[in-house]
Amino acid sequence: MMARPVTNPEPVLKARGLVKSFGRVVAMDGADFDLMPGEILAVIGDNGAGKSTMISALAGAVRPDAGEIFLGGEKVAFHSPMDARSKGIETVFQGLALAPALTIVDNLFLGREYRVPGVRGGLFRLLDRPRMREEARKHLSDLGLMTIQNIDQVVETLSGGQRQGVAVARACAFGSKVVILDEPTAALGVKESRKVLDLIKDVRDRGIAIVLISHNMPHVFEIADRVHIHRLGRRVAVVRPSEMTMSDAVAIMTGAMEPPAGQPAD
Amino acid sequence: MASNDLPQFASTDTRLSRRVINVLHGNPTIIPLFVLVLGLAVFSSVVGQRFFHPFNLSLVLQQVTIIGTVALAQTLIILTAGIDLSVGAIVVLSSVAMGRLAMDHDLPPGLALALGIAVGSGCGALNGFFVTMIRLPPFIVTLGTWSVFNALIQFWSGGETIRQQEIEASAPVLQWTGEALRMGAARLTIGSLLMLLLAGLLWYVLNRTAYGRHVYAVGNDPNAARLSGIATRKVLFTVYLLAGTICGFAGWLLIGRIGAISPLGGAMTNLDSITAVVIGGTSLFGGRGSIIGTLIGALIVGFFRNGLALAGLDVLWQEFTIGFLIIIAVSFDQWLRRIST
Ligand SMILES: Nc1ncnc2c1ncn2[C@@H]1O[C@H](COP(=O)(O)OP(=O)(O)OP(=O)(O)O)[C@@H](O)[C@H]1O
Ligand SMILES: [Mg+2]
């Protein structure tokens, strides 16, 4: 494979040599990662390959034992999920990170609520609820997630797809550069999966780079611009869906086939 | 049941049952309120006019002042999916501290009062430390500290009661909460007013500040809260601290209520506070419940006791009825949780 021209853009998010062990389990073993601007990068790998651990490190939820993370070419170290969020990396964690008994608005703004200006907000910590509701409504309708609806509904009364929609809306509502989605369609039926995939494409079309972890190969090959294949705690290949068949990708993922030479591609 | 149409947030399932469930989810105080109103209706028809007499109503309010205040503290803890078995001991320890500091150590009564409340804060901080730093289950921690605080009560008080006249002579401010404003036949004590004021304050904190939303989120799903960027341990610790402080404050109300300072003051407070919280619709599993519900819960306990007594029934039927109410409340919460997932 020929070297690509040097005009390649800088990755928005990049990691080199990430290592993380939990006791004796090595969840990340020198994992590399590159996310290009405006792309949907799918991350595939067997159960326990370390995908969630890797994106948790990128999202500030797990502190790697070793390795480096670069955001827009600059080296960063995240101390908390809030830290990563404030730098534009939003994550929908596996199994969702919503508080089911809180309302849609509460969830959208959880951890970054607006307070009213002046003494009432400063001294009395009064939340600016009208502003949050208005923005919540705007975000949801921007994403086509809303007809007439009740944003004061508690999340647990929503369907799985609706919840996922709220989680995705939260992830891309705050001027984020990168949105990471860990198995967003895992618990959904066919139709609801469809909606979420469309939503993901929508978000990409707004210029946000997306990392999508999924076990669903047809989904991956349908919407990903590139596919990052993860195996035994590290990246073994990056392929383009147009240049590889699904079964070959799965074979690489399970170790039944050697990754193509010259990998990983950029 | 799941809507297949993601963009359509408007519930597509408009069946009455689902709508009712949604309403109950959004307004957890409806059921307790219903029970309270039903109870009032039944008692007034059985007992007659005496029940709604202003004097009787204000008497019930006095009777639930201590329980209500402690239940407010307990609500905060239970919202985080915890439980505090030491609240009753903190109340008494704080009141003993106020009395002893003012009497034995001749501190100015105002200072003794402040330090007594601070003792409550210290107890809460100790609970919070074990729960958040050592990560022990709240049940175990507070069972342990309940015993520790009780020992401190016995040690500090020497098992002796400080009599009403002594307090009246040297530290009347400690009894101030027992003073009553007369409005016709009603006697509204300062303590009852302070409890209502505190409830208003806590309602504001829980519903109108980010901290309050975080308390709910931590109780609802600590992992989700942490991943949302909430400092969960800080929230938990401050909840225990705040609860301890409120119990310290309740120590002051207790002195006003009984006039004297007794080391045996708050034996029933622990269970009664949990009862009020649970009957008020707050879930023992955390993240669900309200301050208003707890006030209603405390009133239900108060009015059922009072009404059953006025109806001439033996005390044992009060316990019997309250016990049933607890079981019904918890079953209802379980049911609501099950159908929503
Ligand atoms: N907090 C943790 N404590 C202990 N072990 C962990 C922890 N998180 C992950 N692991 C282990 O690290 C390995 C990688 O887990 P990870 O969740 O990253 O895999 P994954 O690729 O996301 O799998 P899946 O597809 O099933 O979600 C697994 O063996 C897992 O058991
Ligand atoms: Mg995973």
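Values in this document were obtained by computation on a predicted structure and should not be read as measured data. Going along each chain's sequence as written, the residues are numbered from 1 onward. Each chain takes a letter, starting from A, and each ligand takes a number, starting from 1, following the order in which they are written. In view of the model being predicted, local features appear only for residues whose pLDDT reaches at least 70, and side-chain atom pairs are presented and counted only at 80 or more, with totals across whole chains, interfaces and linings using the full set of residues. Each side-chain value is derived from all of the structure's non-hydrogen atoms; neither hydrogens nor water enter the calculation.

Visitor: Summarise the side chain of Ser273(B); cite the residues concerned and give the values.
Guide: Residues and elements named next belong to chain B. Helix and strand definitions follow DSSP, with helices as H or I runs of at least four residues and strands as E runs of at least two, each counted in order from the N terminus. Looking at the element boundaries, Ser273 is found in helix H14 (residues 269–279). Per-residue accessibility, obtained with a 1.4 Å probe over protein chains only, is compared with the maximum for each type, and a residue is labelled buried under 20%, exposed over 50%, and partly exposed between these values. Overall, the relative accessible area of 0% leaves Ser273 in the buried class. Under this definition, polar contacts are N or O atom pairs within 3.5 Å; protein pairs additionally need one hydrogen-donor-capable and one acceptor-capable atom, and for neighbouring residues in sequence, both atoms have to be side-chain atoms. Here Asn270 takes part through its backbone oxygen, which lies 2.8 Å from a polar atom of the side chain of Ser273. Between two residues, a contact is recorded if the distance between any of their heavy atoms is within 4.5 Å. Other than its neighbours up to four places away in sequence, Ser273 contacts Ile67, Val70, Ala71, Gln74 and Val87.

Visitor: Outline the interface of chain A and chain B, listing residues and values.
Guide: Taken together, the contacts link 44 residues of chain A with 32 residues of chain B. Regarding the contact of chain A and chain B, the summed buried area is about 3300 Å², with carbon and sulfur atoms giving 60% of it. Salt bridge criterion: a side-chain nitrogen from Lys or Arg within 4 Å of a carboxyl oxygen from Asp or Glu. Counting the contacts that link chain A with chain B gives 2 salt bridges. As a salt-bridge pair, Asp106(A) and Arg213(B) come within 2.8 Å of each other at their nearest N and O atoms. When residues of the side of chain A that touches chain B are traced back to their parent elements, those giving at least two are helix H2 (81–86), helix H5 (129–142), helix H6 (160–172) and helix H7 (190–205) of chain A. A total of 6 residues in the side of chain A that touches chain B trace back to one element, the largest contributor, which is H6(A). Of the residues assigned to the side of chain A that touches chain B, the class counts are 22 nonpolar, 10 polar and 12 charged. Here the buried area means the combined drop in accessible surface, using a 1.4 Å probe, for two parts upon being joined, counting both sides. Charged residues are taken to be Asp, Glu, Lys and Arg, nonpolar residues to be Ala, Val, Leu, Ile, Met, Phe, Trp, Tyr, Cys and Pro, and polar residues to be all remaining types, Gly included.

Visitor: An account of a nonpolar patch on the surface is needed here, citing residue identities and associated values.
Guide: Residues enter patches when they are more than 30% accessible in relative terms and free of salt bridges; like-charged ones are connected within 9 Å and nonpolar ones (Val, Leu, Ile, Met, Phe, Trp, Tyr) within 5 Å. Accessible areas in this description were obtained via Shrake-Rupley with a 1.4 Å probe; residue shielding takes into account the shown protein chains only. Taken together, the side chains of Leu313(B), Leu316(B), Trp317(B), Phe320(B), Phe324(B) and Ile328(B) make up a nonpolar region of the molecular surface, amounting to roughly 610 Å² of accessible area. For Phe324(B), the location among the structural elements is in helix H16 (residues 315–339).

Visitor: Requested: an account of the site of ligand 1, with residues and values cited.
Guide: Residue and element names in this part refer to chain A. If you check the shell around ligand 1, you find 14 residues, and the closest are Asn47, Lys51, Ser52, Thr53 and His215. At 2.8 Å, a side-chain N or O of Asn47 approaches an oxygen atom of ligand 1. Lys51 has a polar side-chain atom sitting 2.7 Å from an oxygen atom of ligand 1. Coverage of ligand 1 by the protein amounts to 62% of the 630 Å² it exposes when considered alone. For each residue, the test is whether any non-hydrogen atom lies within 4 Å of the molecule or strand; if one does, the residue is near.

Visitor: Lay out the sheet that holds strand E2 (residues 25–35) of chain A in plain terms, naming residues and giving numbers.
Guide: Across a sheet, strands are paired by hydrogen bonds formed along the backbone, either parallel or antiparallel in direction. Residues and elements named next belong to chain A. In space, the 4 strands of this open sheet follow the order E2-E1-E4-E5, with antiparallel pairing throughout. Either end of the sheet is taken by a strand with one partner, and the two such strands are E2 and strand E5 (74–76). For this sheet, the mean inter-axis angle between neighbouring strands, taken without regard to orientation, is 30 degrees. Note: two strands are recorded as paired if DSSP finds a minimum of 2 bridges between them. Note: strand E4 (residues 66–71) against E5, 3 bridges, orientation antiparallel. Within E5, the residue paired with Ile69 across the bridge is Val76. Helix axes are fitted to C-alpha atoms over the stretch in contact, other axes to C-alpha atoms as well, and angles between N-to-C directions run from 0 to 180 degrees. On top of the sheet, helix H1 (residues 51–58) reaches strand E1 (13–22), E2 and E4; it is set at about 60 degrees to E2, its chief contact.

Visitor: Any chance you could break down the coordination of the magnesium ion (ligand 2) for me, citing the residues and the numbers?
Guide: Around a metal, the idealised angle for a tetrahedral arrangement of four donor atoms is 109.5 degrees; for an octahedral arrangement of six donor atoms it is 90 or 180 degrees. All names here are of chain A. Here the term donor refers to an N, O or S atom within 2.8 Å of the metal (or 3.2 Å for Na, K and Ca), and because water is left out of the atoms, sites may appear incomplete. Protein coordination at the magnesium ion (ligand 2) comes from Ser52 (OG) and Gln94 (OE1), with a distance range of 1.9 to 2.3 Å. Of the two residues, Ser52 sits in helix H1 while Gln94 sits in the loop between strand E6 (89–92) and helix H3 (104–108), which places them 42 residues apart along the sequence. Classification of Gln94 as partly exposed rests on a relative accessible area of 42%.

Visitor: So what's going on with H6(A)? Which residues, and what values?
Guide: All names here are of chain A. With 13 residues, H6 extends 19 Å from end C-alpha to end C-alpha; this agrees with the ideal 18 Å at 1.5 Å per step. In terms of burial, H6 is largely enclosed, as 12 of its 13 residues are buried. Gly161, Gln162, Arg163, Gln164, Gly165, Val166, Ala167, Val168, Ala169, Arg170, Ala171 and Cys172 are the residues of H6 that are buried. Contact partners of the buried residues in H6: H2, E6, H3, H5, strand E7 (178–182) and H7. By this rule, a helix spans an expected 1.5 Å times one less than how many residues it contains.

Visitor: If you had to explain the environment of Gly48(A) to someone new, which residues and values would you point to?
Guide: Residue and element names in this part refer to chain A. For Gly48, the position within the fold is in the loop between strand E3 (40–45) and H1. Judged by relative accessible area, which is 76%, Gly48 ranks as exposed. C-alpha separation for the pair Gly48 and Ala27, spaced 21 residues apart in sequence, amounts to 7.6 Å.

Visitor: Tell me about H1(A), residues and numbers included.
Guide: Residue and element names in this part refer to chain A. Where burial is concerned, most of H1 is hidden: 7 out of the 8 residues are buried. Turning to H1, its buried residues number three or more, namely Lys51, Thr53, Met54, Ile55, Ser56, Ala57 and Leu58. Just downstream of H1 lies Gly60, where phi reads positive at about 85 degrees.

Visitor: A description of the packing of aromatic side chains should follow, citing residues and the corresponding values.
Guide: Residues and elements named next belong to chain B. Here a Phe, Tyr or Trp ring, Trp counted by its six-membered ring, pairs with any other such ring whose centre lies within 6.5 Å, and the pair is stacked when the planes are under 30 degrees apart, edge-to-face when over 60, and tilted otherwise. Taken as a whole, this structure holds 11 aromatic pairs over all chains when the rule is applied. Seen from their ring centres, Phe249 and Trp252 are 6.0 Å apart, and the 70 degrees between their planes marks the pair as edge-to-face. Residue Phe249 and its partner Trp252 are located together in helix H13 (residues 232–258), separated by 3 residues, close to a single helical turn. Residue Phe249 shares its accessibility class with Trp252, and that shared class is buried. On the basis of an interplanar angle of 40 degrees and a centroid distance of 5.7 Å, the ring pair of Phe332 and Trp335 is categorised as tilted. Here Trp335 and Phe332 lie together in helix H16, a separation of 3 residues that amounts to about one turn. Assessed through its relative accessible area of 36%, Trp335 is described here as partly exposed. Through successive ring pairs, a cluster of aromatic residues spans Phe43, Phe51, Phe52, Phe303 and Phe304.

Visitor: Outline the confidence of the model for chain B, supporting the account with residue identities and numerical values.
Guide: Residue and element names in this part refer to chain B. Predictor confidence is given residue by residue as pLDDT, running from a minimum of 0 to a maximum of 100. Looking at chain B as a whole, its pLDDT mean stands at 89, while 95% of the residues score no less than 70. Counted against residues more than four places away or in other chains, residues 1–12, with its pLDDT under 50, gives 38 contacts. Confidence metrics for the complex model read pTM 0.88 and ipTM 0.84.

Visitor: Please set out unusual backbone geometry residue by residue, giving values where relevant.
Guide: Note: most residues except glycine have negative phi, and most peptide bonds are trans. Phi at Glu183(A) is positive, roughly 50 degrees, even though this residue is not glycine. Locating Glu183(A) in the fold gives a position in the loop between E7 and H7. The phi dihedral of Ala81(B) is positive, around 70 degrees, even though this residue is not glycine. A relative accessible area of 37% places Ala81(B) in the partly exposed class.

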